[in-house]
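# Examination of the molecular architecture
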There are 2 protein chains.
Amino acid sequence: MIKYPSGVSKTYKEKSVRPTITRKSAANRGMTFEDSINKSNEYYREKGIALILKRTTPINVVKVDYTRGAKITEAYFEKQSTTDYNGVYKGKYIDFEAKSTHHKTSFPLANIYKHQIEHLQEVIKQGGIAFFLIDFEVQNKIFLVDASFIIDAYYNGDRKSIKYETVLNEGIEIEPTFLPPIDYIKAIDKKYF
Amino acid sequence: MIKYPSGVSKTYKEKSVRPTITRKSAANRGMTFEDSINKSNEYYREKGIALILKRTTPINVVKVDYTRGAKITEAYFEKQSTTDYNGVYKGKYIDFEAKSTHHKTSFPLANIYKHQIEHLQEVIKQGGIAFFLIDFEVQNKIFLVDASFIIDAYYNGDRKSIKYETVLNEGIEIEPTFLPPIDYIKAIDKKYF
């Protein structure tokens, strides 16, 4: 099921279609998980550290009124067929999906789509760097988890969830910083370079 | 100025917003330049050669009717703020823009946007592979031209056009094949690997 934004503005395409829960950590100062990632990407871009962009939310256009300068009069939000973010860091292709959970003891796999799993498999096959950023809201901790680990859990685990302890062992914890709000490039360095 | 599609279907998002002229070459059998690239990307993906995807056309959403399951009732096509395609090949980040011209003796720079130039500069800075695929319709020849060359011409040339002879010397000519219709990965191999 697709979730929709609670408000739509001129800058809609920069926003998530997913309502995200406000983080209360000092570092993020009330920004959503996604806003924090977007702000981090802006920071990386401005500093020339990396170029990671959010993919535009796909929209299924049904009707267009060409008498009024191509005004779209009927369209619907679609779910992303790939992942939320991709880009380049140190020449390497980067591709990731960001997920929040309010579960205390596990990360549920229910909100990961099969086509996302397949997309990330293809990225790995082509030698790209593929991962998930997982935000455990209750613990107030964020982890980078390599996509291959999630893919394995998706196909070979109980398909329902991954235990928090497992993420703690397998993932790279993102250390809190003020700016960028979520310094995941440091975790990429640790894991892949 | 943004150009709009002449027809909008359910698969709209997979189509170009740019009306492209039908190529008459045997290899492409009436497909547009963009369709040929998309078909090549499908081929690369199916064969596990590369994963290159077309970016979704951004749409500026103005009004949404939430009483009817989030139906968008007013929205407009926007021009791409980056490039048409990006992806991964041999682990490297790939980013390119495809342009057709019916000019006989030169490639006009008028339809390259400044933000596209800036985007490609950032890609190069991050070590990514950035280029243009230029389709000279009259000559029925397609070239891969490194983005740095176009960027230099954009800033330091007469800013109007690049001569066909210059593209012939600087670019890598894509050799015609039946499938994929435009085998630009071979040109990437020649130029960057």
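Residues numbered from 1 in each chain as written. Chains lettered and ligands numbered in written order. Predicted model: local features only at pLDDT ≥ 70, side-chain atom pairs only at ≥ 80, totals over all residues. Heavy atoms only, no water.

What follows covers the packing of aromatic side chains. Applying the stated criterion across every chain, the model contains 25 aromatic pairs over all chains. Aromatic side chains Tyr43 of chain A and Tyr44 of chain A sit 6.1 Å apart centroid to centroid with 70° between the ring planes, which places their arrangement in the edge-to-face category. Look at Phe96 of chain B and Phe131 of chain B: their rings are 4.8 Å apart centre to centre, the planes differ by 10°, and that puts the pair in the stacked class. A residue pair is termed long-range when its members are at least 10 positions apart, and Phe96 of chain B in strand β5 (residues 92–101) and Phe131 of chain B in strand β7 (residues 129–136) qualify at 35 residues. (Phe/Tyr/Trp six-rings, centres within 6.5 Å; stacked < 30°, edge-to-face > 60°. Helix = DSSP H or I, 4+ residues; strand = E, 2+ residues; numbered from the N terminus.)

Let's shift gears to unusual backbone geometry. All names here are of chain A. Each neighbour pair has its own omega, and for Leu179 with Pro180 the value is -5°, a cis peptide bond. Among the secondary structure elements, Pro180 is positioned in the loop between β10 (172–173) and α5 (184–192). A positive phi is found at Asn140, a non-glycine position, where the angle reads about 55°. Looking at where Asn140 falls in the secondary structure, it is placed in the loop between β7 (129–136) and β8 (141–146). Judged by its relative accessible area of 38%, Asn140 falls in the partly exposed class. (Buried < 20%, exposed > 50% of the residue type's maximum accessible area, 1.4 Å probe, protein only.)

The next point concerns the sheet that holds strand β2 (residues 59–65) of chain A. Spatially, the four strands line up as an open sheet ordered β2(A)-β3(A)-β3(B)-β2(B), and their pairing is antiparallel. Each edge of the open sheet carries a strand with a single partner, namely β2 of chain A together with β2 (59–65) of chain B. Taking each pair of neighbouring strands and ignoring which way they run, the sheet shows an average axis angle of 35°. Alignment of β2 of chain B against strand β3 (residues 71–77) of chain B, held across six bridges, turns out to be antiparallel. For Ile59 of chain B, the partnering residue across the bridge sits in β3 of chain B and is Phe77 of chain B. (Pairing = 2+ DSSP bridges. Axes fitted to C-alpha atoms, helices over the stretch in contact; angles between N-to-C directions.)

Time to look at the interface of chain B and chain A. With 50 residues of chain B in contact, the opposing surface of chain A contributes 50 residues. Buried area between chain B and chain A, summed over both chains or domains, comes out near 3,900 Å², and the portion from carbon and sulfur atoms is 59%. Among the residues of chain B in contact with chain A, Ile72, Tyr93 and Gln126 of chain B are the three that bury the most area, contributing 16% of the side total. At the boundary of chain B with chain A, the tally comes to two salt bridges. Between Arg45 of chain A and Glu122 of chain B there is a salt bridge; the shortest N-O distance is 3.0 Å. Linking chain B with chain A are eleven residue pairs in polar contact (both at pLDDT 80 or more). Looking at the side of chain B that touches chain A, the elements that each hand over two or more residues are β1 (51–54), β2, β3, β4 (85–89), β5 and α2 (114–125) of chain B. Along the lines of polarity and charge, the residues of the side of chain B that touches chain A split into 23 nonpolar, 16 polar and eleven charged. Bridge count for strand β3 (residues 71–77) of chain A against β3 of chain B is four bridges, and the pairing is antiparallel. Looking at β3 of chain B, one finds that Tyr76 of chain A is bridged to Lys71 of chain B. (Contact = heavy atoms within 4.5 Å. Buried area = accessible area lost by both parts, 1.4 Å probe. Salt bridge = Lys/Arg side-chain N within 4 Å of Asp/Glu carboxyl O. Polar contact = N/O pair within 3.5 Å; in protein donor to acceptor, adjacent residues only side chain to side chain. Nonpolar A, V, L, I, M, F, W, Y, C, P; charged D, E, K, R; others polar.)

All names here are of chain B. The contact between α2 and helix α3 (residues 147–156) brings their axes to 10 Å, and the two run at 135°. Classed by the angle they form, the pair α2 and α3 counts as oblique. Crossing geometry of α2 relative to α3 is assigned as left-handed. Touching Lys114, Ile117, Glu118, Leu120, Gln121 and Ile124 of α2 are Ala147, Ser148, Ile150, Ile151, Tyr154 and Tyr155, all from α3. Here the residues of the contact of α2 with α3 are counted per class, giving eight nonpolar, two polar and two charged. (Parallel < 35°, antiparallel > 145°, perpendicular 65-115°, else oblique. Left-handed = near helix turned anticlockwise from the far one by under 90°.)

Let us look at the nonpolar core. Counting residues in each nonpolar core, the largest one holds 48 residues, and the members touching the most others are Ile150 of chain A together with Ile150 of chain B. With near-sequence residues (within four places) excluded, Ile150 of chain B lies in contact with Leu109, Ile112, Ile117, Phe132, Ile134, Val145 and Ile162 of chain B. (Core = buried A, V, L, I, M, F, W, Y, C linked by side-chain atoms within 4.5 Å.)

Consecutive residues of a regular strand have side chains that alternate between opposite faces of the sheet. All names here are of chain A. With respect to burial, strand β4 (residues 85–89) is a largely interior element, five of its five residues being buried. Across the two faces of β4 the burial is the same, with Tyr85, Gly87 and Tyr89 and Asn86 and Val88 all buried. Pairing between β4 and strand β5 (residues 92–101): five bridges, direction antiparallel. Counterpart to Tyr85 in the pairing with β5 is Phe96.

All names here are of chain A. Along the chain, the position of Tyr113 falls in the loop between β6 (106–108) and α2 (114–125). For Tyr113, a relative accessible area of 24% puts it in the partly exposed group. Linking Tyr113 and Ser81, residues 32 residues apart in sequence, is a C-alpha distance of 8.5 Å.

Once turned by 180° and shifted 0.0 Å along the axis, chain B lies on chain A with an RMSD of 0.0 Å. On this basis, the relationship between the two copies can be described by a two-fold rotation axis. In this assembly, 100% of the residues forming the interface of chain B have copies in chain A that are likewise at the interface, indicating an isologous arrangement. (Least-squares fit on C-alpha atoms with pLDDT ≥ 70 in both.)

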